[in-house]
Amino acid sequence: QVLSTQSLPTIAAPEVMKTLTLSDHRRKKILVTGGAGFVGSHLVDKLMMEGHEVIVLDNFFTGQKKNIAHWLHHPNFSLVVHDVTEPIQLEVDEIY
């Protein structure tokens, strides 16, 4: 139960981040391209703490898994290792 309400502390993100629980009609499914990078991972943190479902799409060319490792266990978080230059079909409400 606790794992669905917060991040896990890691070396890269030692502070626990609490997540809100949004109703189904308020929770958005959001795709963050480059979400394992410096800027993208901070956006992921913000969106996760707001209670949204977040999909990170990254090829790890410059991003690092350690930047998002604290969310890997969370049921509202998904990681897709993929290059944005190749087509992919996902159903989402917003893309960043």
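Cut-offs applied
- Residues numbered from 1 in each chain as written.
- Predicted model: local features only at pLDDT ≥ 70, side-chain atom pairs only at ≥ 80, totals over all residues.
- Heavy atoms only, no water.
- Pairing = 2+ DSSP bridges.
- Helix = DSSP H or I, 4+ residues; strand = E, 2+ residues; numbered from the N terminus.
- Contact = heavy atoms within 4.5 Å.
- Axes fitted to C-alpha atoms, helices over the stretch in contact; angles between N-to-C directions.

A.B. asks: For the sheet that holds strand 3 (residues 77–81), give the residues involved together with the corresponding values.
C.D. replies: Pairing within the open sheet is parallel, and its 4 strands lie in the order 3-2-1-4. Where the open sheet ends on each side, the last strands, each with one partner, are strand 3 and strand 4 (94–95). Sheet topology note: the strand 1 (residues 29–33)/strand 2 (residues 53–58) ladder contains 5 bridges and is parallel. Within strand 2, the position partnered with Thr33 by the bridge is Leu57. Here helix 1 (residues 38–49) sits on the sheet in contact with strand 1, strand 2 and strand 3, set at roughly 170° to strand 1.

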